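# Topology and contacts: notes
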Amino acid sequence: MSYIASRLSAVKPSASMAASQAAKALRAKGVDVIDLGLGEPDFPTPSHIIEAAHVAAKAGQTLYTGAAGTAEVREAVAGKFRRENGLDYTADDVVVANGAKQIIFNALMATLESGDEAILPAPYFVSYPEMVKLLGGTPVVIEPETSGFRLTPELLEKAITPRTKWLFLNMPGNPSGAIYSQSDLRALGAVLARHPQVLVLSDEIYEHILFDGRDFVSFGKACPELRDRTLIVNGVSKSYAMTGWRVGYAAGPAPLTRAMAIIQSQSCTSVCSIAQAATVAALNGPQDEVARFRQAFEARRDLVVDGIRRINGLTLSPPEGAFYAYIGCASLIGRRTPKGVVLEDDTAVANYLLNEGRVASVPGAAYGLSPYFRISTATGEEVLTEAIARINAAVAQVE
Ligand code: PMP
């Protein structure tokens, strides 16, 4: 396929989407597969948000909007940052895009020169390294496995070079669920203060899905001295069960957000006007559903931690947030399935769990840290219980 540009040669399709497709293909053949591949809330979007979209459409909010988003949605985002994160941004500092994914893509496109490095603490969200590569950059992966999947100042200092353009942080993390305290962030900030060439992308999209009474601290709040080189990324997908509406947003330094809006104006014009109106209702409206979702995710986290801990051969430290379990499977590697297949790596483990256990998961290789596999816990307790029983039965048969 020689007409495909060389920039695609190193880029993989999304591993979580691929896992879901494999599950769908098996289902189409009549196999009863539980799909724990993709991470999206299984709750319906709260009805007042849907109502707001309906009203906006009927009122004629059906035209292109400004590239950075409507004034109303940017005001609502600035209000959210003030109210929930203690961050003082105005609507002019805010840009809205088709999902946090497009925000990140635009930010990288606006800044990366060929060979620029982006530091990615593993396990990372699957799209980070692929976007970096697609835009000519070089992912630099750090593995902070022994510090609770949290990047430490020492590891950060070691990874920074004169070519470092970005540090990516994601808290709570997908797939680890790890979060950073104010003092963790300040310690990272102290390292960054010595390296003025480094920009920080703080992906805070799971901020409302936090467990055990933990409080969320935005990177922007912890390190205000780095404001001129920090992009705070967020969106409505996870907090408001709005993955399909495709609205993400960010606040950051004006030169960066302006450049991101220019890219957007030339690539997609604007985010869907109706989805922007729904986002205003989500951010400004009642927040009780957000709290209800959080509680449900915590109960599921408890169920999964308890179930996985009973399975001989798997390990899981309780995720502190988000809706995933990143399950260690080191003791399965090198062992044989009943069909005589050697489980060489976590991709083989995920394949085995899919084909013999009938549970779709995503191998740790996709997140840059092995041997693990990720399951999404954004599904009902009955389904999770059945999935754990299947995983247990499959693991028990490994020799
Ligand atoms: N960041 C992280 C860490 C995610 O897990 C996801 C979604 N899986 C996104 C960003 C993208 O979210 P959106 O739906 O807003 O594009």
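Definitions and limits used
Residues numbered from 1 in each chain as written. Predicted model: local features only at pLDDT ≥ 70, side-chain atom pairs only at ≥ 80, totals over all residues. Heavy atoms only, no water. Near = heavy atom within 4 Å. Polar contact = N/O pair within 3.5 Å; in protein donor to acceptor, adjacent residues only side chain to side chain. Areas by Shrake-Rupley, 256 points an atom, 1.4 Å probe, with all protein chains shown as cover. Axes fitted to C-alpha atoms, helices over the stretch in contact; angles between N-to-C directions. Helix = DSSP H or I, 4+ residues; strand = E, 2+ residues; numbered from the N terminus. Parallel < 35°, antiparallel > 145°, perpendicular 65-115°, else oblique. Left-handed = near helix turned anticlockwise from the far one by under 90°. Contact = heavy atoms within 4.5 Å. Core = buried A, V, L, I, M, F, W, Y, C linked by side-chain atoms within 4.5 Å. Buried < 20%, exposed > 50% of the residue type's maximum accessible area, 1.4 Å probe, protein only. Patch = residues over 30% accessible without salt bridge, like charges linked within 9 Å, V, L, I, M, F, W, Y side chains within 5 Å. Salt bridge = Lys/Arg side-chain N within 4 Å of Asp/Glu carboxyl O. Phe/Tyr/Trp six-rings, centres within 6.5 Å; stacked < 30°, edge-to-face > 60°. Lys NZ or Arg CZ within 6 Å of the ring centre and 35° of its normal. Domains from an automatic or database assignment. Buried area = accessible area lost by both parts, 1.4 Å probe. Pairing = 2+ DSSP bridges.

So, on to the site of the ligand. Neighbouring residues of the ligand: 13 residues in total, closest A100, D203, Y206, S237 and K238. Within the side chain of K238, an N or O atom sits 2.8 Å from a nitrogen atom of the ligand. At a separation of 2.7 Å, an oxygen atom of the ligand approaches a polar side-chain atom of R246. Burial of the ligand by the protein amounts to 93% of the accessible area it has alone, namely 400 Å².

Their axes nearest at 8 Å, the elements helix α2 (residues 47-58) and helix α10 (residues 273-284) cross at an angle of 140°. As summarised for this structure, α2 and α10 are arranged oblique, according to the angle between their axes. By crossing handedness, the relation of α2 to α10 is classed as right-handed. The segment α2 lies against α10, with H48, I49, A52, A53, A56 and A57 engaging I274, A277, A278, A281 and A282.

Quick look at the nonpolar core now. Formed by 50 residues in total, the largest nonpolar core has its most connected members in L108, W166, F168 and L231. A per-element tally of this core places helix α4 (residues 99-111) first, with five residues. Membership of the second largest hydrophobic core comes to 27 residues, among which are I308, L314, L343 and V395.

So, about a nonpolar patch on the surface. A surface patch of nonpolar side chains, about 330 Å² in accessible area, is lined by Y3, I4 and L8. Along the chain, Y3 turns up in the segment before α1 (15-28). Residue class for Y3 comes out exposed when judged on its relative accessible area of 68%.

When you tally the buried positions in helix α12 (residues 346-355), you get seven out of 10 residues, the bulk of the element. Among the residues making up α12, those that are buried are D346, A348, V349, A350, Y352, L353 and L354. Where α12 begins, one side-chain oxygen reaches toward the backbone nitrogen of T347, 3.3 Å away; that side chain belongs to D345.

Moving on to the packing of aromatic side chains. Across all of its chains, the model carries 15 aromatic pairs by this definition. Between the aromatic rings of F125 and Y128, the centroid separation amounts to 5.4 Å while the plane-to-plane angle is 90°, which identifies the pairing as edge-to-face. Per residue, the accessibility class of F125 equals that of Y128, and both read buried. Geometrically, the ring pair formed by F297 and F323 is tilted, given 4.9 Å between the ring centres and 40° between the ring planes. Of the two residues, F297 is situated in helix α11 (residues 288-309) and F323 in the loop between α11 and β9 (324-328); the sequence distance between them amounts to 26 residues. Here the two residues F297 and F323 agree in accessibility, since each one is buried. Taken together through their ring pairs, the aromatic side chains of F43, Y206, F293, F297, F323 and Y324 make up a single cluster. Here the basic side chain of R292 rests over the ring of F43, its NZ or CZ set 5.9 Å away from the ring centre.

Examined at the domain level, the protein chain breaks down into domain 1 (6-44 + 289-396) and domain 2 (47-284). Each of domain 1 and domain 2 was reduced to a C-alpha centroid, and the two centroids are 26 Å apart. The interface of domain 1 with domain 2 comprises 33 residues on the first partner and 33 residues on the second. Of the roughly 3000 Å² buried where domain 1 meets domain 2, counting both sides, 60% is carbon and sulfur surface. Looking only at domain 1, the three residues that lose the most surface to domain 2 are E320, Y367 and L369, adding up to 23% of its buried area. Put simply, domain 1 and domain 2 have four salt bridges between them. Salt-bridge contacts for R214 lead to E320; the nearest nitrogen and oxygen are separated by 3.9 Å. Our enumeration of links across domain 1 and domain 2 arrives at 17 residue pairs in polar contact (both at pLDDT 80 or more).

On to unusual backbone geometry. A cis geometry characterises the amide bond from A122 onward to P123, with omega recorded as 5°. Assignment of secondary structure puts P123 in the loop between β3 (117-121) and α5 (127-134). One non-glycine residue, F149, adopts positive backbone phi at about 60°. Structurally, F149 is set in the loop between β4 (138-142) and α6 (153-159).

Our focus in this paragraph is the sheet that holds strand β12 (residues 372-376). Strand order in the open sheet made by the three strands is β9-β12-β11, with antiparallel pairing throughout. The open sheet has two free edges, formed respectively by β9 and β11 (362-363), since each of these has just one partner strand. Note: β11 against β12, two bridges, orientation antiparallel. Directly across from V362, in β12, lies its bridge partner R374.

For the rest of this paragraph, the subject is the sheet that holds strand β6 (residues 199-203). Taken together, seven strands build an open sheet; the order of strands is β2-β8-β7-β6-β5-β3-β4 and the sheet is mixed. Looking along the sheet, the strands with just one partner apiece sit at the ends: β2 (94-97) and β4. With direction set aside, neighbouring strand axes in the sheet form an average angle of 20°.

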